[in-house]
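Geometric and topological summary
For reference, the chains in residue letters:
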Amino acid sequence: MLEPQGPLPPEIYWRRRALAIGVIVVVLILLVWLVSSIRGGSADPETAAAESSAVPTMSATATTSADSSGASGASGGSGGGSEPAGESPENSSATATTSTSGSAAPVAPGQCADQSLAIKVSPSKPTYGADEEPEFTTVVTNIGSTACERDLAGGFQQVVVSSLDGAQRLWSSTDCFPQADPDIRKLDPGQQAAFTVKWSGKTSTPECATEQDPQRDAVSAGAYSVVGQLGALRSAPEPFNLA
């Protein structure tokens, strides 16, 4: 049956068969393409709706901490209510960059959102001698596109010293001397505000301000890390050493 028969040469019949098969293949390809195009076009709205509803929404989460920081927060000696020398912070409107996370205090309505700010903390030097008080500078920067205001007081801003791995919290600038007074700053895009605080080199706890005679132990020599916090922002940890 496969062998062509007829009055014409066999080559003619083979060519006709090949041409017929080719036409059938082309027709099938066109049908498949047409069906696919129709199905794809009708599914576009549903696909687009599904894709738009699948876009995840992101929300900033604040890490709860008993210490909220401030521009005038400081730590000090071993006394209960007296402010020790060397731990009173200095406020200045300088420059700064970097973002952070980590305060329990929410952002007041109308103030700079966390997403529009960056925070960075830096020790004044990599190593401090036994008779030196470490000094840290926190810099808050408006990285948004519009000017805004933000309360940068000690109830919202703090500097925290921890072990190098961050597992052990040793001190916070707001433990013994929390600042309740507001310090609202207007920051234009790119503008920075800097705050400096000194540490006496002693431990503290969030209960320091309320305890009659808080226990504050001298921190031994070694490597440690410091972070800055503002609202739900937390800076990258910066290492430093006590000799």
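Here the structure is shown first, and the text comes after it.
A brief look at the structure comes next. For every chain, the first residue of the written sequence is number 1, and numbering continues from 1 onward in sequence order. In keeping with the predicted nature of the model, local features appear solely for residues at pLDDT of at least 70, side-chain atom pairs appear and are counted solely at 80 or more, and the whole-chain, interface and lining totals rest on all residues. Note: side-chain values were computed over all heavy atoms of the structure, leaving out hydrogens and water.

Here the focus is the overall build of the protein. Labels follow the DSSP assignment, with helices taken as runs of H or I lasting at least four residues and strands as runs of E lasting at least two, numbered in each case from the N terminus. Across its full length, the protein holds 1 helix and 13 strands. Per-residue burial for the protein yields a buried fraction of 36% across its 243 residues. In what follows, a contact means two residues having at least one pair of non-hydrogen atoms within 4.5 Å. Intrachain contacts of the protein at a sequence separation of at least 6 include 72% that bridge at least 24 residues. Accessible area for the protein stands at about 13500 Å²; split by element, carbon and sulfur atoms hold 58% of it. Relative accessible area decides the class of each residue, using a 1.4 Å probe on protein chains only: under 20% of the type maximum gives buried, over 50% gives exposed, and in between gives partly exposed. All accessible areas in this document rest on Shrake-Rupley with a 1.4 Å probe, and a residue is counted as covered only by the protein chains that are shown.

What follows covers the nonpolar core. Among buried residues, those of type Ala, Val, Leu, Ile, Met, Phe, Trp, Tyr and Cys that are joined through side-chain atoms within 4.5 Å constitute a nonpolar core. Counting residues in hydrophobic clusters, the biggest one holds 14 residues, and the most contacted among them are F136, V161, W199 and F240. Elements represented by at least two residues in this core include exactly β7 (157-163), β8 (169-172), β11 (222-230) and β13 (238-242). L117, C148, L152 and A193 belong to the second-largest nonpolar core, a separate cluster that totals 11 residues.

With that out of the way, let us pick up a nonpolar patch on the surface. Without a salt bridge and with relative accessible area above 30%, a residue can belong to a patch; like charges are then joined within 9 Å and nonpolar side chains (Val, Leu, Ile, Met, Phe, Trp, Tyr) within 5 Å. The salt bridge criterion pairs a side-chain nitrogen of Lys or Arg with a carboxyl oxygen of Asp or Glu, the two atoms within 4 Å. Together, L19, V23, I24, V27, L28 and L31 make up an exposed nonpolar region whose accessible area comes to about 570 Å². Within the fold, I24 resides in helix α1 (residues 10-53).

Take the state of the cysteines next. Whenever a pair of cysteine sulfur atoms sits within 2.5 Å, that pair is classed as a disulfide. Applying the stated criterion to the full structure yields 2 disulfides. The partner cysteine of C176 in its disulfide is C208, sulfur to sulfur 1.9 Å. Judged by the sign of its S-S torsion, about 100 degrees, the bond between C176 and C208 is right-handed. Separated by 32 residues along the polypeptide, C176 in the loop between β8 and β9 (184-187) and C208 in the loop between β10 (192-198) and β11 bring together distant segments of the chain. Grouping residues by exposure puts C176 and C208 together as buried. Once the bonded cysteines of the protein are numbered in order along the sequence, the disulfide links fall as 1-2, 3-4.

All right, on to the pattern of salt bridges then. For the coordinates displayed, the defined rule picks out 5 salt bridges. With a closest N to O distance of 3.0 Å, R150 and D114 form a salt bridge. Of this pair, R150 sits in strand β6 (residues 148-151) while D114 sits in the loop between β2 (101-102) and β3 (117-123), placing them 36 residues apart in sequence. When its relative accessible area of 11% is taken as the criterion, D114 is described as buried. With its nearest N and O atoms 3.0 Å apart, the salt bridge here joins R185 to D183. The pair R185 / D183 is uniform in exposure class, with both members buried.

With that settled, the discussion passes to the pairing of β11. In terms of burial, β11 is largely enclosed, as 7 of its 9 residues are buried. Here a strand pair is declared whenever DSSP counts at least two bridges between the two strands. Of the pairings in the sheet, the one linking β7 to β11 comprises 7 bridges and is antiparallel in character. Opposite V159, over in β11, you have G228 as the bridge partner. Inspection of the sheet shows β11 paired to strand β12 (residues 232-234) by 2 bridges, in the antiparallel sense. Across the sheet, L230 pairs through a bridge with L233, a residue of β12. In this structure, the hairpin formed by β11 and β12 is closed by a connection of 1 residue, where G231 is found at a positive phi of approximately 55 degrees.

Now for the environment of S173. Inspection of the secondary structure puts S173 in the loop between β8 and β9. Owing to a relative accessible area of 1%, S173 belongs among the buried residues under this scheme. Linking S173 and V197, residues 24 residues apart in sequence, is a C-alpha distance of 7.5 Å.

Secondary-structure assignment places E149 in strand β6. Under the relative-accessibility criterion, E149 is labelled partly exposed at 41%. Distance in space between the C-alpha atoms of E149 and A108 is 10.0 Å, their sequence separation being 41 residues. If we ignore the near neighbours within four places in the chain, the residues touching E149 are Q111, C112, I184, R185 and K186.

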